[in-house]
Amino acid sequence: MKSNALLAICVALGITFSGAALAQTASVGAIKIENAYTRATVPGQQVAGGFMKIENKGATDQLLSASSPVAGEVQLHEMAMDGNIMKMRQVKDIAVPAGGAVELKPGGLHLMFMNIKAPLAAGESVPVKLKFAKAGEVDVKMPVNAMGQHGGAMKH
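Residues numbered from 1 in each chain as written. Predicted model: local features only at pLDDT ≥ 70, side-chain atom pairs only at ≥ 80, totals over all residues. Heavy atoms only, no water.

Asker: Please explain unusual backbone geometry as it appears in this structure.
Answerer: The phi torsion of most residues other than glycine is negative, and most of the peptide bonds are trans. In this structure, Asn-35 takes a positive phi of about 50 degrees despite not being glycine. As for its placement among the helices and strands, Asn-35 is situated in strand β2 (residues 31-39). Classification of Asn-35 as partly exposed rests on a relative accessible area of 41%. Phi at Asn-115 is positive, roughly 55 degrees, even though this residue is not glycine. (Helix = DSSP H or I, 4+ residues; strand = E, 2+ residues; numbered from the N terminus. Buried < 20%, exposed > 50% of the residue type's maximum accessible area, 1.4 Å probe, protein only.)

Set out below in structure tokens:
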């Protein structure tokens, strides 16, 4: 009897933890999105970055666009040095190499949520639709991390 109860608890915990992991991971075709996240914003803040790792098990692909109901527009951006000045600019797509990966991270390639409709609060998740040239569309739930917290997973 005790072993059945223990098994039921372990199964319940496993379902709970696996559900939490799925909130940050999504896939379409050969593309897998991992560790997606954004950061909390303050009232009046109109922009926020979106970050993730995009793995590609197939042929070369491109991230063409992103959209989210929390923002008026979601742009693809990169940070790059122009002489001694770090500049951010919009890009038309983000290449995802065949059999490789690309990281969208602070200080590099990233999503830029523009004209945010309401502050993003830590603990919430933001729905984002990514559109790839070959793999098609995939819906991602991006956890909103507290300001200053990096990465898609909580640290224990």
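Asker: Could you clarify how one ought to interpret the pattern of salt bridges in this entry?
Answerer: Opposite charge on two side chains lets them pair, provided their charged atoms get close. Counting across every chain of the model gives eight salt bridges. Note that Lys-57 is salt-bridged to Glu-55, the shortest N-O span being 3.7 Å. The class for Lys-57 is exposed, based on a relative accessible area of 69%. Between Lys-87 and Asp-82 there is a salt bridge whose closest N-O contact spans 3.2 Å. You can call Asp-82 partly exposed: its relative accessible area is 45%. (Salt bridge = Lys/Arg side-chain N within 4 Å of Asp/Glu carboxyl O.)

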